[in-house]
There are 2 protein chains.
Amino acid sequence: MKTGAARVPTFAGEECDMSTWDAGKCPVRDVMDQIAGKWSTLLLQALADKPYRFGELRRLVPDISQRMLTQTLRDLQRDGYIDRKVFPTKPPSVEYSMTPLGLSLFEPLKRVLDWAEANHASVKAARVKFDESELA
Amino acid sequence: MKTGAARVPTFAGEECDMSTWDAGKCPVRDVMDQIAGKWSTLLLQALADKPYRFGELRRLVPDISQRMLTQTLRDLQRDGYIDRKVFPTKPPSVEYSMTPLGLSLFEPLKRVLDWAEANHASVKAARVKFDESELA
DNA sequence: CCGTATCCCCCCTGATACTG
DNA sequence: CAGTATCAGGGGGGATACGG
């Protein structure tokens, strides 16, 4: 399994030369590389609503594989965005919930998601126009 | 939508059947899949400052390959975020700049990037803590 | 200077089967 | 119910060479 300490994003910790905006390491890539994952934003959005258990999340996002759900939740937990609580019931249940850090991230992130919904038509229109102009 | 299918509140306050969160149908994924590219946010951030030429962007982000710079710029142009202007000088030069649509996207996106910078330390700390607890 | 084209590798992701 | 293990495929991304 590549997730965990051994899995360091390609440019995490490396020098970021865009000193205009960042003198040291590049937080943008280090943070964005994780939340840019295929399922991260969906799960954050779900958990921003309220805590969910593993099986609930699975039903909530039907097209995610069990493997990717486990892995993405683990990565989000590792970065401190979500909490994982195990209830030693029988059978066991595990509840995932947003941490304060995760909620603080979701606040600005939500604005981008809002933008996506509001401007989806413009983006699709731009694509059509671009593709038409490419017909040569 | 199936009866009893899980629904969560969306950013717009509406409810959304997450089973329809399919790229092409879901604005969030359709837009984010592009933004989530390895270099997209960095180039948007660069161009939000001012227009740049191809070679300038290349020097600005030294560790991007020429292939990925071309490809990412093309994708961003296709989605209507940036403009591409060719000057028939000799040798030719090409200038990239943000469109109004791109600027309107960058406004909320910048908040996420700002968050990344402001909370990078917290994220890194969370990773260390998580990795240490995994050694048990 | 600004790309395209080609090759190739690696990692993400999915499918399936198995455990506590 | 909540994971782990293993195998296989596709595509994102890098290196290099070539074209306008």
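The structure this text deals with has already been given above.
What comes next is a walk through the structure.

Calculation rules
Residues numbered from 1 in each chain as written. Chains lettered and ligands numbered in written order. Predicted model: local features only at pLDDT ≥ 70, side-chain atom pairs only at ≥ 80, totals over all residues. Heavy atoms only, no water. Near = heavy atom within 4 Å. Polar contact = N/O pair within 3.5 Å; in protein donor to acceptor, adjacent residues only side chain to side chain. Helix = DSSP H or I, 4+ residues; strand = E, 2+ residues; numbered from the N terminus. Nonpolar A, V, L, I, M, F, W, Y, C, P; charged D, E, K, R; others polar.

### Section: the protein's contact with DNA strand C
Link 1 in the chain: Among the 21 residues in the neighbourhood of DNA strand C, the closest are listed as R67 and M68 of chain A together with Q66, R84 and Y96 of chain B.
Link 2 in the chain: Considering the 4 Å shell around the protein, atoms of DNA strand C inside it are sugar or phosphate in 63% of instances.
Link 3 in the chain: One of the side-chain nitrogen or oxygen atoms of W39 of chain A is found 3.4 Å away from a phosphate oxygen of DNA strand C.
Link 4 in the chain: A distance of 3.3 Å separates a phosphate oxygen of DNA strand C from a polar atom in the side chain of R53 of chain B.
Link 5 in the chain: Only α4 (66-78) of chain A together with α3 (54-60), α4 (66-78) and β5 (93-98) of chain B provide two or more residues apiece to the surface near DNA strand C.
Link 6 in the chain: Among the residues forming the surface near DNA strand C, the class breakdown is eight nonpolar, six polar and seven charged.

### Here we look at the protein's contact with DNA strand D
Link 1 in the chain: Residues in close proximity to DNA strand D total 17 residues, the closest being G55, Q66, R84 and Y96 of chain A together with M68 of chain B.
Link 2 in the chain: Of all atoms in DNA strand D that approach within 4 Å of the protein, 63% are sugar or phosphate atoms.
Link 3 in the chain: One of the side-chain nitrogen or oxygen atoms of R53 of chain A is found 3.0 Å away from a phosphate oxygen of DNA strand D.
Link 4 in the chain: Between DNA strand D and R84 of chain A, the relevant distance is 2.2 Å, taken from a phosphate oxygen to a side-chain nitrogen or oxygen of the residue.
Link 5 in the chain: Taken together, the elements giving at least two residues each to the surface near DNA strand D come down to α3 (54-60), α4 and β3 (93-98) of chain A together with α4 of chain B.

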